[in-house]
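# Fold and geometry: a report
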Amino acid sequence: MKIAIPVYDEKLDIFGNTGHTPFFAIFEQKGSGMFKKIDFVELRQNPRGNVEASGGCSHKDEDMSKEEQIAHKNEHNVLGEIIHDCKIVLVKKACKNTAKVFEECGIKICKIKQDCQNAKDSLKYITF
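These remarks concern the structure in this document. (Residues numbered from 1 in each chain as written. Predicted model: local features only at pLDDT ≥ 70, side-chain atom pairs only at ≥ 80, totals over all residues. Heavy atoms only, no water.)

### Points about the pairing of strand S4 (residues 88-91)
Going residue by residue along S4, you find Ile 88 and Leu 90 tucked away on one face and Val 89 and Val 91 tucked away on the opposite face as well. What joins S4 to strand S5 (residues 108-111) is helix H3 (residues 96-104), and the crossover it makes is right-handed. (Buried < 20%, exposed > 50% of the residue type's maximum accessible area, 1.4 Å probe, protein only. Helix = DSSP H or I, 4+ residues; strand = E, 2+ residues; numbered from the N terminus. Right-handed = clockwise from strand over helix to strand, strands pointing away.)

Okay, structure coming up:
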């Protein structure tokens, strides 16, 4: 099972706003119980990445027309494409469009506590 985590870079520090993360760190879990092993596999770049948006997005759907809302949601579809083979994404924050894309792709969202700083430390937040 593959797991995605939004990160800044190869240091694997967690990025706060999933939709604008520069990269997704991909981990793979093999086995279960006491035989469970989770290994780092790769970084995948997000074309929507914006380091300045770590705290959250500045746009609000209520300020957009219906057509703009649809177009904005469609911009998020690339997130599902990037981690299409993952079963879980661990996040600190995800806007409703990001969450909707993951839901449509069958990717479960698990919440990470805000004080968790590194992707490897966040793996304890995986729930089924």
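### Digging into the nonpolar core
With 16 residues, the main nonpolar core has Ile 3, Ile 5, Phe 27, Leu 90, Ile 112 and Leu 123 as its most contacted residues. If you list the elements that add at least two residues to this core, you get strand S1 (2-7), strand S2 (23-30) and S4. At three residues, the largest contribution of residues to this core is made by S1. Other than its neighbours up to four places away in sequence, Ile 5 contacts Ile 14, Phe 23, Phe 24, Ala 25, Phe 27, Leu 90, Ile 112, Ala 119, Ser 122 and Leu 123. In terms of nonpolar packing, the next biggest core, distinct from the first, is built from twelve residues, Ile 26, Ile 82, Cys 86 and Phe 102 among them. (Core = buried A, V, L, I, M, F, W, Y, C linked by side-chain atoms within 4.5 Å. Contact = heavy atoms within 4.5 Å.)

### Focus: the side chain of Gln 29
Following the sequence through the fold, Gln 29 ends up in strand S2. A residue is classified by how much of its surface remains accessible, and Gln 29, at 11% relative accessible area, is buried. Those residues within four positions of Gln 29 in sequence are excluded, and the remaining contacts are Met 1, Ile 3, Lys 36, Lys 37, Ile 38, Ile 126 and Phe 128.

### Quick word on the state of the cysteines
Here, the word disulfide means a covalent bond between the sulfur atoms of two cysteines. As enumerated under the stated definition, the model contains zero disulfides in all. Unpaired in terms of disulfides, Cys 116 finds its nearest cysteine sulfur in Cys 110, a separation of 13 Å. (Disulfide = S-S within 2.5 Å.)

### Details of the sheet that holds S4
The mixed open sheet is built from five strands, whose spatial order is S3-S2-S1-S4-S5. Edge positions in the open sheet fall to strand S3 (37-45) and S5, since each of these has one partner strand only. Sheet twist, expressed as the average angle between the axes of neighbouring strands with direction ignored, equals 25°. Sheet topology note: the S2/S3 ladder contains eight bridges and is antiparallel. Note that in S3 the partner of Gln 29 across the bridge is Ile 38. (Pairing = 2+ DSSP bridges. Axes fitted to C-alpha atoms, helices over the stretch in contact; angles between N-to-C directions.)

So yeah, pure geometry; function would need other evidence.
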